[in-house]
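Architecture at a glance
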Amino acid sequence: DAEITQSPRHKITETGRQVTLACHQTWNHNNMFWYRQDLGHGLRLIHYSYGVHDTNKGEVSDGYSVSRSNTEDLPLTLESAASSQTSVYFCASSKLAGGPKTNNEQFFGPGTRLTVL
Amino acid sequence: GQQLNQSPQSMFIQEGEDVSMNCTSSSIFNTWLWYKQDPGEGPVLLIALYKAGELTSNGRLTAQFGITRKDSFLNISASIPSDVGIYFCAGQVNNAGNMLTFGGGTRLMVKP
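Report follows, based on the coordinates. Treat the numbers as computed from the prediction; the structure is a model and nothing was measured.

1. Thoughts on the overall build of chain A
- A count of helices and strands for chain A gives 0 helices and 11 strands.
- The linear arrangement of helices and strands in chain A, starting from the amino end, is β-β-β-β-β-β-β-β-β-β-β.
- In terms of overall dimensions, chain A is globule-like: its C-alpha atoms have a radius of gyration of 14 Å, near the 13 Å expected for 117 residues.
- Projecting the C-alpha coordinates of chain A onto the three principal axes gives extents of approximately 45 × 30 × 25 Å.
- With 117 residues in all, chain A has 47% of them scored as buried.
- By sequence separation, contacts in chain A at least 24 residues apart represent 55% of the contacts at least 6 residues apart.
- When the accessible surface of chain A is summed, it comes to about 5600 Å², and 48% of that surface belongs to carbon and sulfur atoms.
- Chain A carries 10 positive and 11 negative side-chain charges, and their two centres are separated by 4 Å.

2. Section: the nonpolar core
- Of all hydrophobic cores here, the largest spans 22 residues; its most connected members are Trp32, Trp34, Leu74 and Leu108 of chain B.
- Elements supplying a minimum of two residues to this core: β2 (10-14), β3 (19-25), β4 (31-37), β5 (44-49), β7 (61-65), β8 (71-76), β9 (85-92) and β11 (106-111) of chain B.

3. Some details on the pattern of salt bridges
- Using the criterion set out here, one finds 5 salt bridges over all chains in the structure.
- With a closest N to O distance of 3.4 Å, Glu14 of chain A and Arg17 of chain A form a salt bridge.
- Of the charged contacts in the structure, one is a salt bridge between Asp83 of chain B and Arg60 of chain B, with a shortest N-O distance of 2.8 Å. Of the two residues, Asp83 of chain B sits in the loop between β8 and β9 while Arg60 of chain B sits in the loop between β6 (55-58) and β7, which places them 23 residues apart along the sequence.
- With relative accessibility at 29%, the residue Arg60 of chain B sits in the partly exposed group.

4. Quick look at unusual backbone geometry
- Going from Ser7 of chain A to Pro8 of chain A, the amide bond is cis rather than trans, its omega being -5°.
- Inspection of the secondary structure puts Pro8 of chain A in the loop between β1 (4-7) and β2 (10-13).
- A cis amide bond links Ser7 of chain B with the next residue in sequence, Pro8 of chain B, at an omega value of -5°.
- Here Pro8 of chain B shows up in the loop between β1 (4-7) and β2.

The rules behind the values
- Residues numbered from 1 in each chain as written.
- Chains lettered and ligands numbered in written order.
- Predicted model: local features only at pLDDT ≥ 70, side-chain atom pairs only at ≥ 80, totals over all residues.
- Heavy atoms only, no water.
- Helix = DSSP H or I, 4+ residues; strand = E, 2+ residues; numbered from the N terminus.
- Rg over C-alpha atoms; globule rule 2.2 N^0.38 Å.
- Buried < 20%, exposed > 50% of the residue type's maximum accessible area, 1.4 Å probe, protein only.
- Contact = heavy atoms within 4.5 Å.
- Areas by Shrake-Rupley, 256 points an atom, 1.4 Å probe, with all protein chains shown as cover.
- Lys, Arg positive; Asp, Glu negative; His and termini not counted.
- Charge placed at Lys NZ, Arg CZ, Asp CG, Glu CD.
- Core = buried A, V, L, I, M, F, W, Y, C linked by side-chain atoms within 4.5 Å.
- Salt bridge = Lys/Arg side-chain N within 4 Å of Asp/Glu carboxyl O.

Functional significance is not addressed by these values, which are geometric in nature.
What follows is the structure, encoded as structure tokens:
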């Protein structure tokens with residue numbers, strides 16, 4: 001079955017380290033998104049991509065970067081981890097922009113819990 | 001930016017009771033989505049609404065796309081313990097690509 005996976009599921013790191021969170025989807029979806037989820041803030045968009053080599057900043061992009069070298073993967077990198085980046089991170093994908101409205105439905109991965117000490 | 005106000009923030013109900021929650025916005029949306037998140041998991045899509053006034057059911061769940069396009073409602077009938085989780089609404093406008101605006105979530109607790 002097609003799916004979206006994230007790894008690792010849990011990560012503990014130290015302030016200042018570079019961290020990369022993986023997201024992989026097998027639906028052949030064009031669009032991929034990264035969110036962080038914190039108490040009191042709900043889901044906030046970090047970065048998103050509409051296709052290979054396309055990346056865009058979301059609401060809370062400072063300190064994060066993404067790259068899209070193929071359709072299946074959108075890794076999220078924290079260049080220099082900070083304690084404020086302790087959070088649960090979710091990756092999501094959707095078919096493509098435009099066309100039938102069902103293309104807009106986003107499907108989420110299981111999340112990565114990141115702790116920055 | 002756009003804001004979605006979701007209420008209530010939390011509910012503690014008895015098994016068998018019906019549940020209602022809603023989302024309101026100051027902006028118009030063209031699509032409303034409702035998700036459920038179980039502890040330690042990602043949100044799972046429950047119901048999608050595409051037309052103002054639309055009423056859609058998925059088992060014991062019923063959601064409505066408000067006629068003004070600024071609100072949406074989710075009802076759960078005859079709640080059971082596995083309904084426990086956080087329910088999120090999300091709205092989308094046509095000119096925003098596939099981006100969603102999320103409500104803050106309603107945490108549902110069900111007492112057996």
